[in-house]
Amino acid sequence: MKRSSEQRKFVGVAFLTAALAVFSSACGDDDDKQPQQTPDSGTPDSGTPDSGTPDSGTPDAGPGTALLDSDIGLMRFNADGTVDTTFGASGTTRLDLTTVVPGGARDSVWGVAADATDRLVVFGARRGDGDRVDADRVVVRFAANGTLDTTFATNGVHTLNLSNLSDGARNGIVQADGKILASGYTSQPTGVGTQAANRIVLLRLDDAGKPDNSFGWKGVVNNAPFGPVSAANPEWGMAEAYTAGQLSDGSYVTTGYGRSASTGTVDLVNFKYKANGDRDLEFGTGGVVLLDLVGDNDRGRHLVVLDDDRVVTVGSATPAAQKIAGLIHITDKNGVPTTQLGTDGYKLYDFERPEQAFFGVAKSKDGNWVAAAGYRAGGDNDDDAVLVILPVGANPGADIAIAAPISETENDRFWSVAFDASNRIYAAGFVTEGGDNRLAVARYTTDGLLDSSFGTGGVVKHNFSVGKTEEAVRGIVVQSDGKIVVAATVEK
């Protein structure tokens, strides 16, 4: 197993020009083009999940369309799974950041977090203004009751535009001090011919939604952590940050995938950044924790930092040809693998399909449990949601891994997961019913059993847009009063 390669620090911001801007949710004249999450050098490993379909939307939702128009959607449920009609407009909030003329414009959600006062921070993307076809990163804050918090940033929305390059917005966190860190990556020119490569881009805002100038350059870290291969071969590798977690000393660990070569397979990578945005080259080996099982694609999709600063990363790995397994990997704060899941720090999960992967992970309020949520696919079967429950306290026991299909005959997947104060687990995503995608939330005990006191048999479904295919929960939080809020990309 390969763990690391020589790293070079590259904290340049050459491609952040004066066009690095903060916009409100202004509207421009849109044509029928869609924001393109540009992969590096035309290869499909950036912005695609293991199955090769775009994970920036809902890969399970049927064929794409150039005319797709989608919004940010929020919904709140009571503890019993009924819709909380005091939230938003009769239980839901919908925000359209990109008004369109004929054609389409996608606003998308990647995650949601709640701050100390239960305000809701949504991480996602919107189409660029005017005639642009690139995507900008957005951080949007709502009051605890689902109304847009217009005191935040510009009319509730902070938009990051990296020189009109298409940004790959991903997950984010709200820190204990109220600051907000948004993760992602942007495909940027390398300076070698027409080549472009993905660079990690982290954005930190203060509580008011303004860039935090104590972090990176004007609140932004724009980093190619692998750097040039050599002076004679200056073509970059690539790296992405699907999320970041904060350690107790204020530093951050990211996860995603990348490679040091300009082409080829990708590996799961974790990088560490100091509180001011500088790389910590003492982390792991040469500044990186790199997991490569057999020279095939391995990917980090999400992580959570435990109370003792252990880092739990989830995603997928390729242990053999035509086989993709779910992956959980645990290291200490320095990037050294722990042994709970094995001598190399990781465990693979096989739910008896050609492909399985985890996209969501969360820890319990008491710090004793972790849950990872995802899906299994392939083998001429419909897609099914999957869930792993892992004890991580002082005396951890055996993990529980379950295939958890919401439908026995149609596609369903979990994208996100959360715990409430009673250690109940909420796994959320979507279920397809008759070609119509619906939001889906299931509640489990730490024994892996559906909680029948929630919804119908432990499951709640909701249809934002009847007959539409782009509808899936990408983030879920439980507020301090026990109410459950989901954030979704919802088609018009």
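Residues numbered from 1 in each chain as written. Predicted model: local features only at pLDDT ≥ 70, side-chain atom pairs only at ≥ 80, totals over all residues. Heavy atoms only, no water.

1. Observations regarding the overall build of the protein
Thought 1: Helix and strand counts for the protein stand at zero helices and 29 strands.
Thought 2: A total of 492 residues make up the protein; the buried ones form 60% of that total.
Thought 3: Contacts in the protein between residues far apart in sequence, at least 24 positions, make up 57% of those at least 6 positions apart.
Thought 4: Carbon and sulfur atoms make up 51% of the accessible area of the protein, which totals about 16900 Å². (Helix = DSSP H or I, 4+ residues; strand = E, 2+ residues; numbered from the N terminus. Buried < 20%, exposed > 50% of the residue type's maximum accessible area, 1.4 Å probe, protein only. Contact = heavy atoms within 4.5 Å. Areas by Shrake-Rupley, 256 points an atom, 1.4 Å probe, with all protein chains shown as cover.)

2. Regarding the sheet that holds strand 10 (residues 220-223)
Thought 1: Spatially, four strands are ordered 7-8-9-10 in an open sheet, and the strand pairing comes out antiparallel. Of all the strands in the sheet, just strand 7 (167-174) and strand 10 have a single pairing partner and so form its edges. With direction set aside, neighbouring strand axes in the sheet form an average angle of 20 degrees.
Thought 2: Note that strand 8 (residues 180-189) and strand 9 (residues 196-205) share eight bridges and pair antiparallel. Residue pairing for strand 9: Q188 is matched across the bridge by A197. (Pairing = 2+ DSSP bridges. Axes fitted to C-alpha atoms, helices over the stretch in contact; angles between N-to-C directions.)

3. Some remarks on the environment of F283
Thought 1: Relative to the helices and strands, F283 resides in the loop between strand 14 (267-273) and strand 15 (288-291).
Thought 2: Not counting the four nearest positions on each side in its chain, F283 is found in contact with V253, N270, F271, K272, V288, V289, K333, N334 and G335.

4. Some points on the pattern of salt bridges
Thought 1: A full pass over the atoms with the stated rule returns 27 salt bridges.
Thought 2: D149 serves as the salt-bridge partner of R141, at 2.8 Å between the closest nitrogen and oxygen. Accessibility assignment for this pair places R141 and D149 in one class, buried. (Salt bridge = Lys/Arg side-chain N within 4 Å of Asp/Glu carboxyl O.)

5. Things to note about the packing of aromatic side chains
Thought 1: Applying the stated criterion across every chain yields a total of ten aromatic pairs.
Thought 2: With 5.7 Å between their ring centres and 40 degrees between their planes, Y242 and Y257 make a pair best called tilted. Pair noted here: Y242 is in the loop between strand 11 (238-239) and strand 12 (243-246) and Y257 is in strand 13 (residues 252-259), with a separation of 15 residues, a long-range link.
Thought 3: Under the relative-accessibility criterion, Y257 is labelled buried at 0%.
Thought 4: A centroid spacing of 6.4 Å and a plane angle of 90 degrees characterise the contact between F351 and F358, whose relative ring orientation is edge-to-face.
Thought 5: Over the ring of Y375 we find R413, and its NZ or CZ is 3.6 Å from the ring centre. (Phe/Tyr/Trp six-rings, centres within 6.5 Å; stacked < 30°, edge-to-face > 60°. Lys NZ or Arg CZ within 6 Å of the ring centre and 35° of its normal.)

6. Comments concerning the nonpolar core
Thought 1: Membership of the largest hydrophobic core comes to 19 residues, with the highest contact counts inside it found for A371, L387, I406, F414, V417, I425 and Y444.
Thought 2: For this core, the secondary-structure elements that each account for two or more residues are strand 21 (369-378), strand 22 (381-391), strand 24 (412-419), strand 25 (425-433) and strand 26 (436-444).
Thought 3: Those residues in contact with A371 that lie beyond four places of it in its chain are G360, V361, A362, L387, V388, V417, F419 and I425. (Core = buried A, V, L, I, M, F, W, Y, C linked by side-chain atoms within 4.5 Å.)

7. A few points about unusual backbone geometry
Thought 1: With a phi angle near 50 degrees, S163 is a residue other than glycine that sits in the positive phi range.
Thought 2: Inspection of the secondary structure puts S163 in the loop between strand 6 (157-160) and strand 7.
Thought 3: The class for S163 is partly exposed, based on a relative accessible area of 22%.
Thought 4: The residue D380 is not glycine, and still its phi comes out positive at about 60 degrees.
Thought 5: Mapped onto the elements, D380 comes out in the loop between strand 21 and strand 22.
Thought 6: Exposure remark for D380: the relative accessible area of 84% places this residue in the exposed category.

8. Some remarks on the pairing of strand 17 (residues 311-320)
Thought 1: The buried fraction of strand 17 amounts to eight of the ten residues, a majority that puts the element mostly inside the structure.
Thought 2: By the bridge criterion, six bridges tie strand 16 (residues 299-305) to strand 17 in an arrangement that is antiparallel. Within strand 17, the residue paired with L303 across the bridge is T313.
Thought 3: With eight bridges connecting them, strand 17 and strand 18 (residues 323-331) associate as antiparallel partners. Across the sheet, the residue bridging to V311 is T331, located in strand 18.

9. Regarding the sheet that holds strand 6
Thought 1: Spatially, four strands are ordered 3-4-5-6 in an open sheet, and the strand pairing comes out antiparallel. Every other strand in the sheet has two partners, leaving strand 3 (108-114) and strand 6 as the edge strands with one partner each. Here the strands of the sheet are splayed against their neighbours by 20 degrees on average, with no regard to which way each runs.
Thought 2: When strand 3 meets strand 4 (residues 120-127), the two strands line up antiparallel, connected through six bridges.

10. Describing the environment of P211
Thought 1: Looking at the secondary structure, you find P211 in the loop between strand 9 and strand 10.
Thought 2: P211 gets classed as partly exposed once you look at its relative accessible area, which sits at 28%.
Thought 3: For P211 and A153, which are 58 residues apart along the polypeptide, the C-alpha to C-alpha distance reads 9.1 Å.

By themselves these figures say nothing about function.
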